[in-house]
Amino acid sequence: MYLPLTLQQQRLTLARLSARQRLVTGTLIGWEEGQGVVRLGKGYHSLKAGDLLWLPADTLFALGAGSDSAFSQLWVSARLPLALPNRAGLISDPWLLDTLKRAGQANQQQSALLLSALAGELAKARTQPLAKALDWPVTSGPLADLPLIEAGRQGQHQQQRDIDPRPLALIPA
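All values derive from a computational prediction rather than experimental measurement. (Residues numbered from 1 in each chain as written. Predicted model: local features only at pLDDT ≥ 70, side-chain atom pairs only at ≥ 80, totals over all residues. Heavy atoms only, no water.)

S.K.: Explain the sheet that holds strand β1 (residues 5-12) to me, please; I cannot follow it from the model alone.
M.R.: Sheet strands associate in pairs through backbone hydrogen bonding, adopting either a parallel or an antiparallel arrangement. Sheet architecture is open: 5 strands sit in the order β1-β8-β3-β6-β9, paired in antiparallel fashion. In this open sheet, the two strands that pair with only one neighbour each are β1 and β9 (89-90). With 8 bridges connecting them, β1 and strand β8 (residues 69-76) associate as antiparallel partners. Looking at β8, one finds that Arg11 is bridged to Ala70. Packing against the sheet, helix α1 (residues 94-105) makes contact with β1, β3 (26-33), β6 (52-55) and β8, and its axis sits at approximately 85 degrees to β1. Strand contacts of helix α2 (residues 108-122): β1, β3, β6 and β8, with the helix running at about 100 degrees to β1, the strand carrying the most contacts. (Pairing = 2+ DSSP bridges. Helix = DSSP H or I, 4+ residues; strand = E, 2+ residues; numbered from the N terminus. Contact = heavy atoms within 4.5 Å. Axes fitted to C-alpha atoms, helices over the stretch in contact; angles between N-to-C directions.)

If you want it as structure tokens, here you go:
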């Protein structure tokens, strides 16, 4: 069930890739450890520790996380009376990233206050375009398992590696 502001933290030991999807909420993703990738349209863009990604509601995307990755995801309901950014992109605001991390570590009451403040500031944020798209498929490094997962879903099975083929869940538990 969606609440106006729902925060979830994920820590992954094996690479995972979500299905392409559209969410009814805006989504703020704070990358904390490791590397990740977001697919927007036909382009794959890398994410690294310290990146803060905004995806407006109804954006078609897929998210992948390399091995030993961690990120926080905040779903922002359209029911909130906020004029949120309407373009997907990176947000360069250390306060927002730090507040997102602190909200994940705080008790429920403190977390709710931090998330309310964060949502208010998010309405003022400006998104920046993502970096140049990666050459896909990636063949080396921490993201190299993601194309194998994607190929396996399309019936093109590769030699088995230590990967987790289950789709990465991107909706609140």
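Structure shown, so let's carry the discussion forward.
S.K.: How do you make sense of the pattern of salt bridges when you look at a structure like this?
M.R.: All told, the structure shown has 5 salt bridges when counted by the stated rule. The salt bridge partner of Glu150 is Arg39, with a shortest N-O separation of 3.8 Å. Taken together, the residues Glu150 in helix α3 (residues 145-153) and Arg39 in strand β4 (residues 35-40) connect sequence positions 111 residues apart. Like Glu150, the residue Arg39 is buried in the burial classification. (Salt bridge = Lys/Arg side-chain N within 4 Å of Asp/Glu carboxyl O. Buried < 20%, exposed > 50% of the residue type's maximum accessible area, 1.4 Å probe, protein only.)

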